[in-house]
Amino acid sequence: MTTLSNHVPDPRLITAFAERRDGPLHRVNPWTKIGVVGALVLAVTVFDRLALLAGLYGAVLVVYGLAGLPFRRLAGWYTLPMLFIVSVAGPLAFLEPGTPIGGALATPLGELSVTWAGLVLFGELTCRSLTVVTFALTASMTTKYTHVAYMLGRLLPRPIDQIALLTYRFTFVMIETLEDLVKAALSRGANFSEFWSNKRLYARILGMTMLSAIEQSERLVKSMEARGYNGDITLYGDVSRPPVHELFIVVGSYVAVVGYAAVAVYGVGL
C-alpha cells in the first residue's frame, strides 16, 4: 500500500536502500554512525540558538543528499515527527511571552497570540526533532541488516538484543497484515476520509489487525522453534573498528559539543 509507505518509514524500503545501494555513506563504518548519532543527540540538547540548530539540520540534510537518498520520500516520512512537533511545540508557541506577531486569535479560553519568542521556540524544537530523525533514517538506510544485527548483539544485553531482532522481523509481518486489511476494506467501499464518523468500525479493524499479526507472529515463532531456535539468534559476521580518520571525526564532534556547552552554558573561559 503506497499510501502507508509515503507517510510512515517502511522497513522494507529502508532495508532495500541499505542492501542494494552503494553510496558514500554506505562505506562508512557502522560504529562511526552510532557515534555520530550520539553526538547529534547531545548537540540538539545543548545548542540553544536557532541559527546553530538550523545549521546543524542543514548539515544533516547535506549528508542525506550525499548518501544518494530520496528527498521526496523523506518529506513524506516527516508526517509522524511533524505531528509530534505540532502537538507539543504548537501550544508552547502560543504560551511563550513576548512581542505578539499580528493579531490575537479568539479561542474558548480567551485571546491567544503567537509571539516572536514563541515562533523561535517552535523553530528550535522543529530543528531538534528533524535533525535526529533525519540522521537516524540516513544511518538505517545506509547500514546493512547483518551489521545492525551484529551491533545490537554487542550493545544490548541478553535477552533485550533478541527482543530487538525479533521485533524488527515482526514489523514486516505487522505491515503486511495491515496492508492486506486496508486493501480488503477499500475493495468493500470503505472511505478513510470518513474516519471520524466511523471510528468505531476502524477501531475494530485495527483490533483485528493486531490479533491477526499476533497469530502470525506465534506461527513464526513455532516454525523457528521447529528449526532449532532456543532463545538465541546466532549472529555470523563482524563489524571492524572504525578507521583512524573516522575516529577523529567522532571524537571531534563530541569535543566541539562539549566545548560549546562549557563556554556558552557554564561560562567556562569567559
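Residues numbered from 1 in each chain as written. Predicted model: local features only at pLDDT ≥ 70, side-chain atom pairs only at ≥ 80, totals over all residues. Heavy atoms only, no water.

1. Regarding the nonpolar core
Ranked by internal contacts, the top residues of the largest apolar core, which has 16 residues, are Val36, Leu40, Ala43, Val46, Phe47, Leu56 and Phe135. Listed by contribution, the elements that provide at least two residues to this core are α3 (30-46), α4 (50-66), α7 (116-140) and α11 (244-265). The dominant element in this core, judged by the number of residues it contributes, is α3, at 5 residues. Discounting residues that sit within four places of it in the chain, phenylalanine 47 has contacts with Leu52, Leu53, Leu56, Arg128 and Tyr260. (Core = buried A, V, L, I, M, F, W, Y, C linked by side-chain atoms within 4.5 Å. Buried < 20%, exposed > 50% of the residue type's maximum accessible area, 1.4 Å probe, protein only. Helix = DSSP H or I, 4+ residues; strand = E, 2+ residues; numbered from the N terminus. Contact = heavy atoms within 4.5 Å.)

2. Here we look at the confidence of the model for the chain
Here the chain shows a mean pLDDT of 80. Residues at 70 or above account for 83%. By mean pLDDT, the top-scoring element of the chain is α4 (93), and the lowest-scoring one is strand β1 (residues 105-107) (48). (pLDDT = per-residue confidence, 0-100.)

3. Observations concerning the packing of helix α8 (residues 145-155) against helix α9 (residues 160-187)
Taken N-terminus to C-terminus, the directions of α8 and α9 make an angle of 155 degrees; their axes are 9 Å apart at the nearest point. On the basis of the axis angle, α8 is roughly antiparallel to α9. The crossing of α8 and α9 is right-handed. Here Tyr145, Ala149, Leu152 and Gly153 of α8 come into contact with α9, specifically with Asp161, Ala164, Leu165 and Tyr168. Residue classes in the contact of α8 with α9 are distributed as 6 nonpolar, 1 polar and 1 charged. (Axes fitted to C-alpha atoms, helices over the stretch in contact; angles between N-to-C directions. Parallel < 35°, antiparallel > 145°, perpendicular 65-115°, else oblique. Left-handed = near helix turned anticlockwise from the far one by under 90°. Nonpolar A, V, L, I, M, F, W, Y, C, P; charged D, E, K, R; others polar.)

4. Focus: the pattern of salt bridges
The final tally for this structure, using the stated rule, is 4 salt bridges. With a shortest N-O distance of 2.9 Å, arginine 12 and aspartate 10 are connected by a salt bridge. Aspartate 10 sits in the buried class, given a relative accessible area of 7%. Residues glutamate 19 and lysine 144 are paired through a salt bridge, measuring 3.9 Å at the closest nitrogen-oxygen approach. Of this pair, glutamate 19 sits in helix α2 (residues 11-20) while lysine 144 sits in the loop between α7 and α8, placing them 125 residues apart in sequence. The class for glutamate 19 is partly exposed, based on a relative accessible area of 36%. For lysine 144, a relative accessible area of 32% translates into the label partly exposed. (Salt bridge = Lys/Arg side-chain N within 4 Å of Asp/Glu carboxyl O.)

5. Observations concerning the packing of aromatic side chains
The final tally for this structure, using the stated rule, is 2 aromatic pairs. Between phenylalanine 47 and tyrosine 260, the ring centres sit 5.0 Å apart and the planes meet at 80 degrees, which makes this aromatic pair edge-to-face. In this pair, phenylalanine 47 sits in the loop between α3 and α4 while tyrosine 260 sits in helix α11, placing the two residues 213 residues apart along the sequence. Tyrosine 260 matches phenylalanine 47 in its accessibility class, with the two residues each being buried. (Phe/Tyr/Trp six-rings, centres within 6.5 Å; stacked < 30°, edge-to-face > 60°.)

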